[in-house]
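Each chain, written out:
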Amino acid sequence: MSLLNTVRNTIVPVHKEGYVFVAAFFVASLILGWIFEPLFWVGLVLTLWCAYFFRDPERMTPQDDDLVISPADGKVSSIQMVTPPAELDLGSEPMLRISVFMNVFNCHVNRSPVRGRVVSINYRSGSFVNAELDKASEDNERNGLVIETVHGQVGVVQIAGLVARRILCWANNNEPLDAGERFGLIRFGSRLDVFLPAGAAARVSLGQTAIAGETVLAEFGSPKGPVISRRS
């Protein structure tokens with residue numbers, strides 16, 4: 001039984017949204033291998049990468065309404081005061097925005113950064129420039145959620161990237177979300193922006209690696225000052 005549990009804990013499940021892609025990659029590998037055998041092994045490697053891309057591991061999320069948890073795996077690419085997108089209807093005053101950039105090797109299942117109720121969902125079409133660029137927040141295709149929390153309204157924006165061509169959102173208006181709960185997915189390579197109301201202080205640094213559902217991005221009501229980091 002211990003060996004079986006080890007195997008179960010080692011093999012990360014693939015999200016159901018990835019099944020068709022993994023199958024398509026594998027079938028293509030068989031066809032290419034029939035034409036020229038070495039191409040089968042190239043296709044098999046790409047099939048394994050596809051399964052890895054759509055992985056959906058379990059996460060242990062802190063359940064504390066004062067904490068804001070990362071909605072995505074990736075690199076913290078921006079921490080600044082920015083006016084939120086107009087479609088979120090969060091006002092014209094700058095809000096603390098923390099951005100997490102996902103490359104093609106990160107897990108792309110998105111999780112709610114806070115506990116609350118979804119009060120609006122707004123999709124906007126757009127371009128597909130590199131999601132790591134700051135202008136991607138305004139120019140790229142995106143889908144924004146506004147979540148009502150005990151600290152006010154929090155905006156969460158899924159932004160398509162250079163390679164991404166599909167944003168999926170499973171949340172619905174007026175439905176509750178728990179912190180760490182899965183609400184969407186973006187294919188392939190993208191970014192998540194979190195807009196926070198007054199009282200939130202960042203608890204991550206630029207360039208830091210974030211883990212969806214586990215890494216604390218910010219905290220409400222803490223007397224502590226800004227995070228000071230050192231590269232080593």
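Residues numbered from 1 in each chain as written. Predicted model: local features only at pLDDT ≥ 70, side-chain atom pairs only at ≥ 80, totals over all residues. Heavy atoms only, no water.

Engineer: Where do I start with the UniProt feature "modified residue: Pyruvic acid (Ser)" (unreviewed entry) in the protein in this structure?
Structural biologist: This chain's UniProt record puts "modified residue: Pyruvic acid (Ser)" (unreviewed entry) on S190. One can find S190 in strand β11 (residues 190–196). (UniProt positions renumbered as here; feature names shortened; annotations may be inferred. Helix = DSSP H or I, 4+ residues; strand = E, 2+ residues; numbered from the N terminus.)

Engineer: What is the right way to look at the pattern of salt bridges in this model?
Structural biologist: A side chain with one charge can pair with a side chain of the opposite charge if their charged atoms come near. One pass over the full model with this rule turns up seven salt bridges. A salt bridge links R115 to D65; the shortest N-O distance between them is 2.5 Å. One end of the pair, R115, is in the loop between β4 (109–111) and β5 (116–124); the other, D65, is in the loop between α3 (37–53) and β1 (67–69), and 50 residues separate them in sequence. Judged by its relative accessible area of 42%, R115 is partly exposed. Close ionic contact of E219 with R203 constitutes a salt bridge, the shortest N to O distance being 3.2 Å. One end of the pair, E219, is in strand β14 (residues 216–220); the other, R203, is in the loop between β12 (200–202) and β13 (209–210), with 16 residues separating them in the sequence. R203 gets classed as buried once you look at its relative accessible area, which sits at 16%. (Salt bridge = Lys/Arg side-chain N within 4 Å of Asp/Glu carboxyl O. Buried < 20%, exposed > 50% of the residue type's maximum accessible area, 1.4 Å probe, protein only.)

Engineer: Sorry, what's going on with the sheet that holds β12 here?
Structural biologist: Across a sheet, strands are paired by hydrogen bonds formed along the backbone, either parallel or antiparallel in direction. Here we have three strands laid out as an open sheet, ordered β1-β14-β12, and antiparallel in their pairing. The open sheet is flanked by β1 and β12, the only strands paired with a single partner. In this sheet, neighbouring strand axes are inclined to one another by 30 degrees on average, regardless of whether the strands run parallel or antiparallel. Across three bridges, β12 lies against β14 in antiparallel orientation. Bridging across to β14, A202 finds its partner in A218. (Pairing = 2+ DSSP bridges. Axes fitted to C-alpha atoms, helices over the stretch in contact; angles between N-to-C directions.)

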